[in-house]
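Each chain, written out:
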Amino acid sequence: MRVLRTQVGIVGAGPAGLLLGHLLHLNGIDSVIVENRSRDYVIDRVRAGVLEQGTVDLLIAMGVGERLQREGLRHDGLYISFRGNRHHIDMAELTGGKAITVYGQNEVVKDLIDARIATTRPLYFEAEDVSVGALESSSPVIRFRHGGADHEIRCDFLAGCDGFHGVCRPSIPERAIATYERIYPFGWLGILAEAAPSSTELVYTCHERGFALFSMRSPTITRLYLQVPPDEPIENWPDEAIWDEMLARMTTSDGWKPRVGRIVQKSVTPMRSFVAAPMRHGRLFLAGDSAHIVPPTGAKGLNLAASDVLVLARALKAYYEDRSTGWLDEYSDVCLRRVWKAQRFSWWMTTTLHRAPDESAFDHQRQLADLDYLTGSRAAMTSLAEQYVGLPAEVSFESAGL
Ligand SMILES: Cc1cc2nc3c(=O)[nH]c(=O)nc-3n(C[C@H](O)[C@H](O)[C@H](O)COP(=O)(O)OP(=O)(O)OC[C@H]3O[C@@H](n4cnc5c(N)ncnc54)[C@H](O)[C@@H]3O)c2cc1C
């Protein structure tokens, strides 16, 4: 058995784990990151693509935003489409200049892995049988097998950054954690297509046949989504059928439609809202998807992971500076305030734009009236814009050592 010691043991090398590792590094705090997948798998996983203004600012302040600034696509606005018409919401104008940036999660992860490797601090990929223990002691541990040998990492603190299906949250005794959940009666069929985006901004469509979203990953790749039943087999959707449905839902009365191209990736994702609270047990701190999941309509998942770890980095920095535990004690409450606001926004975007299988004719007319009000009221558009570009950070960058 190889026994190692570190200050913070991090489980998971997704956005939350890698961001935390780098924030700690910038503060001279040692960490070990343990990931059960391969480096290529983690980098190739296609997921989020919308970064809030605060997430972009954070990555730049951390010194890992160089490629993001060069290749990211800044969007000052977005479109809401219903009854065949697109309505523009100028987010930058409504929020005093804030915007979102489209930059794939896999690109963020790639930049962070490169930054981690440059620090020479440990990052284990393909760790097997990962488990955590001694959470309530002053020396919690991560155990795993790697390269044929058993490893035990003894830590001051553990960060559970291992996503929704990880091992950290289930290691907390049931009596010590409450969960809140909503499962939606639909999912998203998502595709990546080799087609130059036909709009420079995202288009959210509420159509009689269901929700659709037009987005992009680069000047040559379009990313599109269709509302489908949550358990829809992808085999039911040959490429031609996908394009027929995309065009039927998205084409607007002014003739705008997505450009068709070769589909290079497609999958169906169910949608749920989930929160586990508190986000701490003993010396284990949950961050990102291990503690909460949002439906992707509001584009908040990756951004919440970033805001959690900023709060955690502040607390750990304070602990190592003068052994103060106040901000560690506040970690869960501070994060959950933002998490619940993001939950509410994501739920609202989802229910306002999707067709529920059990909705009545009244429900649908009310939904259209909601969209009519939203796109006709500066106050309503401002509310959407300030949440979409991201509410102000819970803690300052300076307090986290940036
Ligand atoms: C299809 C899809 C589309 C999405 N679209 C958006 C979007 O548009 N905008 C947005 O903001 N969010 C979106 N999200 C959500 C976003 O991707 C997540 O919120 C984000 O990945 C959270 O980061 P994380 O680091 O907390 O978790 P993850 O990215 O899940 O990372 C967790 C890591 O832990 C590893 N791990 C798991 N179990 C173990 C274990 N036992 N031991 C060691 N390591 C382990 C995993 O392999 C993974 O690398 C989307 C998610 C999906 C699935």
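Let me sum up the structure you'll find in this document.

Procedures and definitions
Here the residue index of a chain counts from 1 through its sequence in written order. The predicted origin of the model limits local features to residues at a pLDDT of at least 70 and limits the giving and counting of side-chain atom pairs to 80 or more, whereas totals for whole chains, interfaces and linings rest on all residues. To obtain the side-chain values, all non-hydrogen atoms of the structure were included, while hydrogens and water were left out. Helix axes are fitted to C-alpha atoms over the stretch in contact, other axes to C-alpha atoms as well, and angles between N-to-C directions run from 0 to 180 degrees. Segments assigned H or I by DSSP are reported as helices when at least four residues long, segments assigned E as strands when at least two residues long, and all are numbered from the N terminus. The contact definition used throughout considers only heavy atoms, calling two residues in contact when any of these lie within 4.5 Å. In the scheme used here, Gly and all other residues not listed as nonpolar or charged are polar, with Ala, Val, Leu, Ile, Met, Phe, Trp, Tyr, Cys and Pro taken as nonpolar and Asp, Glu, Lys and Arg as charged. The cut-offs for exposure are 20% and 50% of the maximum accessible area for each residue type, with area from a 1.4 Å probe on protein chains only; residues under the lower value are buried, those over the upper are exposed, and the others partly exposed. The pairing criterion is simple: DSSP has to find at least two bridges between the two strands. Here a residue counts as near a molecule or strand whenever at least one of its heavy atoms sits within 4 Å of it. Polar contact is the term for a pair of N or O atoms within 3.5 Å; when the atoms are in protein, one must be able to donate a hydrogen and the other to accept it, and sequence-neighboring residues count only if both atoms are side-chain atoms. The term nonpolar core refers to a set of buried residues drawn from Ala, Val, Leu, Ile, Met, Phe, Trp, Tyr and Cys, joined through side-chain atoms within 4.5 Å. In a helix, the anticipated span is given by 1.5 Å times the number of residues less one. When a carboxyl oxygen of Asp or Glu is within 4 Å of a side-chain nitrogen of Lys or Arg, the pair counts as a salt bridge. For this analysis, a ring pair means two rings from Phe, Tyr or Trp (six-membered ring only for Trp) whose centres lie within 6.5 Å, classed as stacked if their planes differ by under 30 degrees, edge-to-face if by over 60, and tilted for the remaining angles.

## A look at the packing of helix α9 (residues 326–353) against helix α10 (residues 361–376)
Contact geometry of α9 with α10 gives a least axis separation of 9 Å together with a crossing angle of 120 degrees. From α9, W348, T351, T352 and L353 reach across to α10, where they touch Q367, D370, L371 and L374. Here the residues of the contact of α9 with α10 sort into 4 nonpolar, 3 polar and 1 charged.

## Overview of the pairing of strand β6 (residues 77–82)
By the criterion of burial, β6 is predominantly enclosed, with 5 of the 6 residues buried. From the end of β6 to the start of strand β7 (residues 85–90), which pair antiparallel, there are 2 residues, and R83 there has a positive phi angle of about 50 degrees. Note: β6 against strand β15 (residues 203–207), 4 bridges, orientation parallel. Bridging across to β15, I80 finds its partner in Y204.

## A short note on the sheet that holds strand β12 (residues 149–154)
Pairing is mixed across the open sheet formed by 4 strands, whose spatial order is β1-β12-β11-β10. Only two strands of the sheet have a single partner each, and these edge strands are β1 (2–5) and β10 (128–133). On average, adjacent strands in this sheet sit at an angle of 20 degrees to one another, irrespective of strand direction. Strand direction decides the pairing type here: β10 and strand β11 (residues 141–146), joined by 4 bridges, are antiparallel. Residue G133 lies in a different strand from β11, and its bridge partner there is V141.

## Details of the site of the ligand
Within the structure, the ligand sits among 30 residues, and A16, E35, R45, Q105 and D289 are positioned closest to it. The separation between an oxygen atom of the ligand and a polar side-chain atom of R45 is 2.6 Å. For the shell around the ligand, the elements supplying multiple residues, two or more each, are α1 (15–26) and α8 (301–322). Here the shell around the ligand gets 3 residues from one element, more than from any other, and that element is α8.

## Overview of the environment of I80
Among the secondary structure elements, I80 is positioned in strand β6. The exposure class of I80 is buried, given its relative accessible area of 1%. Separated by 124 residues in the primary sequence, I80 and Y204 have C-alpha atoms spaced 4.9 Å apart. Dropping the residues within four chain positions of it, I80 is found in contact with N85, R86, H87, I89, Y204, L353, L371, L374 and T375.

## Some details on the nonpolar core
Membership of the largest hydrophobic core comes to 83 residues, with the highest contact counts inside it found for L20, V34 and I142. Of all the elements, α8 adds the most residues to this core, at 13 residues. I142 has contacts with G9, I10, V11, V34, V130, S131, V132, H151, E152, I153, C155 and L158, leaving out every residue within four places of it along the chain. Core analysis: the next-biggest nonpolar cluster, separate from the first, contains 49 residues, Y225, I263, L374 and L384 among them.

## Remarks on the side chain of Q387
One can find Q387 in helix α11 (residues 378–388). Those residues in contact with Q387 that lie beyond four places of it in its chain are E52, K300, R344 and F345.

## Comments concerning helix α6 (residues 105–119)
Every α-helix winds through 3.6 residues per turn, so residues three or four apart in the chain are directed the same way. When the terminal C-alpha atoms of α6 are compared, their 21 Å separation across 15 residues agrees well with the 21 Å that a helix rising 1.5 Å per residue should span. Here α6 has its buried residues at Q105, N106, V108, V109, D111, L112, I113, A115, R116 and T119. A positive phi of about 65 degrees marks T120, the residue just after α6.

## Notes on the pattern of salt bridges
Where side chains of opposite charge bring their charged atoms close, a pairing between them can arise. Within the structure shown, the criterion is met by 28 salt bridges. The partner of D156 in a salt bridge is R5, with the nearest N and O atoms 2.5 Å apart. Taken as a pair, D156 in the loop between β12 and β13 (157–160) and R5 in strand β1 lie far apart in primary sequence, 151 residues in all. Measuring nitrogen to oxygen at the nearest pair gives 2.8 Å for the salt bridge that ties R209 to E245. Of this pair, R209 sits in the loop between β15 and β16 (210–218) while E245 sits in helix α7 (residues 239–250), and the two are 36 residues apart along the sequence. With relative accessibility at 49%, the residue R209 sits in the partly exposed group.

## Some points on α11
If you check which residues of α11 are buried, you get A380, M381, L384, A385, Q387 and Y388. In this structure S377 caps α11, since a side-chain oxygen of it lies 3.3 Å from the backbone nitrogen of A379. A positive backbone phi angle near 110 degrees is found at G390, which sits one or two residues after α11.

## A few points about the packing of aromatic side chains
The geometry of an aromatic ring pair comes down to the distance between the two centres and the angle between the two planes. Overall, the coordinates contain 16 aromatic pairs when judged by the stated rule. Look at F164 and F274: their rings are 5.1 Å apart centre to centre, the planes differ by 80 degrees, and that puts the pair in the edge-to-face class. Placement of F164 in the loop between β13 and β14 (178–194) and of F274 in strand β18 (residues 262–277) is noted, with a sequence separation of 110 residues between them. Accessibility classification places F164 together with F274 in one group, the buried group. When the centroid spacing of 6.0 Å and the interplanar angle of 90 degrees are considered together, the rings of Y204 and Y388 count as edge-to-face. On the criterion of sequence distance, the pair formed by Y204 in strand β15 and Y388 in helix α11 is long-range, its members being 184 residues apart. According to the relative accessible area criterion, Y204 is buried, its value standing at 1%.

## Considerations on the sheet that holds β18
Within a sheet, neighbouring strands are paired by backbone hydrogen bonds and run either parallel or antiparallel to one another. If you trace the 8 strands from one edge of the open sheet to the other, you get β7-β6-β15-β16-β17-β14-β18-β21, paired in mixed fashion. Lying at the two open borders of the sheet, with one neighbouring strand each, are β7 and β21 (292–293). On the sheet, α9 packs against β6, β14, β15, β16, β18 and β21 and is oriented at approximately 130 degrees with respect to β18. In this fold α10 packs onto β6, β7 and β15, with an angle of close to 145 degrees to the strand it touches most, β6.

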